[in-house]
Amino acid sequence: MKDNTAIVLLSGGLDSLVSLDIAAKKFDVKLLLTFNYGQKAFEEEFDASLKIAKFYNIPHKTIELSFLKEITNNALTDNKNNNLDDFSSVWIPNRNGLFLNIAASYCDKFGYNYIVFGANKKEAEQFSDNSEEFTEKCNVFFQYSTLKQPKVFAPCLYFDKIEIINYAIENNVPLEFIKSCYDSKSNTNKKHCGKCMSCKLLKEALEKSKKPELVKELF
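Residues numbered from 1 in each chain as written. Predicted model: local features only at pLDDT ≥ 70, side-chain atom pairs only at ≥ 80, totals over all residues. Heavy atoms only, no water.

A. Examining the overall build of the protein chain more closely. Assigned secondary structure in the protein chain consists of nine helices and five strands. Secondary structure elements in the protein chain, listed N-terminal to C-terminal, are β-α-β-α-β-α-α-β-α-α-β-α-α-α. The globule rule puts the C-alpha radius of gyration for 219 residues at 17 Å, and the 16 Å found for the protein chain is close to it. Per-residue burial over the protein chain gives 54% buried out of 219 residues. (Helix = DSSP H or I, 4+ residues; strand = E, 2+ residues; numbered from the N terminus. Rg over C-alpha atoms; globule rule 2.2 N^0.38 Å. Buried < 20%, exposed > 50% of the residue type's maximum accessible area, 1.4 Å probe, protein only.)

In structure tokens:
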């Protein structure tokens, strides 16, 4: 459908992959955007995103945002900060807001109608830019900041991690491609570190999922 086009924010992690899969069944996805904001795990995330883009046969583009690293002090970008197991230490101010605004600019330029991102119920408990309220406010904001007025769609907004993984299992989503780990050092064995906050959430959900044996494949 002409009015059913979408752009998807793709980090290479579980939530963005499942959001993409859901969006691909609902929309005509025209572009995948990955952001490099100086995160230590960017190379692994970029590699995962390329594999996912190739699997779904959708054009992929990387946006460079080096200034974010310059103005933030957190464990995702600072090589001297290894506190990857705490919500406050991995918070980057306005990250999702910035990502969505950039995607909205692409929507205005190319006429896309929807922006899809991987907000979810679990992370909304700690990160306000994963919440329903945040998504609703973005939709209001874009009515004024763009001519196209794209809508933000977060298909995993009401899912916890277990539900997200079970969806992936039931729908043959290529979980072997994901990289949800914050620690780039884990790339030595191409698996997740199992120690950072993102890994702990993923591993705990996998253990309670319909296919717990996936733990051995990803960790």
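B. Local environment of the side chain of E123. Looking at where E123 falls in the secondary structure, it is placed in helix α5 (residues 121-124). Residue E123 is classed as buried on the basis of its relative accessible area of 16%. A distance of 3.3 Å separates a polar atom in the side chain of E123 from a polar atom in the side chain of K161. Here E123 is in contact with D15, N130 and K161, once residues within four sequence places are set aside. (Polar contact = N/O pair within 3.5 Å; in protein donor to acceptor, adjacent residues only side chain to side chain. Contact = heavy atoms within 4.5 Å.)

C. The sheet that holds strand β1 (residues 5-9), seen in detail. Taken in spatial order, the five strands make up an open sheet running β3-β2-β1-β4-β5, and their pairing is parallel. Edge positions in the sheet fall to β3 (60-64) and β5 (151-153), since each of these pairs with one other strand and no more. The mean angle between the axes of side-by-side strands here comes to 25°, regardless of whether they run parallel or antiparallel. Direction of pairing for β1 relative to strand β2 (residues 28-36): parallel, over a ladder of five bridges. Residue pairing in the sheet places L9 in a bridge with L33 of β2. Sheet contacts for helix α2 (residues 42-56): β2 and β3; angle to β3, the most-contacted strand, approximately 155°. Sheet strands in contact with helix α4 (residues 95-110) are β1, β2, β3, β4 (114-116) and β5, and its direction is about 150° off that of β1. (Pairing = 2+ DSSP bridges. Axes fitted to C-alpha atoms, helices over the stretch in contact; angles between N-to-C directions.)

D. Molecular detail of the environment of G111. You can see G111 is positioned in the loop between α4 and β4. Residues G111 and T5, 106 residues apart in the sequence, show an inter-C-alpha distance of 8.0 Å.

E. Molecular detail of the pairing of β3. In this sheet, β3 lies alongside β2 in parallel orientation, the contact comprising five bridges. The partner of L32 across the bridge, within β3, is H60. At this point the chain moves from β2, through α2, to the parallel β3, and the crossover so formed is right-handed. (Right-handed = clockwise from strand over helix to strand, strands pointing away.)

F. Spatial organisation of the pairing of β1. Across the five residues that make up β1, a large majority, five, are buried. Residue alternation in β1 divides its side chains into two sets, T5, I7 and L9 and A6 and V8, and both sets are buried. What joins β1 to β2 is helix α1 (residues 14-26), and the crossover it makes is right-handed. Judged from the three bridges that link them, β1 and β4 form a sheet pairing that is parallel. Bridge pairing in β4 places I7 opposite I115.

G. Up close: helix α6 (residues 132-145). For α6, built from 14 residues, the straight-helix expectation of 20 Å at 1.5 Å per residue is met to within 8% by its first-to-last C-alpha distance of 20 Å. When α6 is considered as a whole, its buried residues turn out to be F134, T135, C138, N139 and F142. Here the buried residues of α6 occupy an arc of 140° about the axis, which is enough to place them on one side. Opposite the buried face of α6, by more than 90 degrees, sit the exposed residues K137 and Y144. Looking at the packing, one finds that the buried side of α6 touches α4, β4 and β5. (Expected span 1.5 Å × (residues − 1). Arc of directions from axis to C-beta.)

As far as function goes, none of this settles anything; it's purely spatial.
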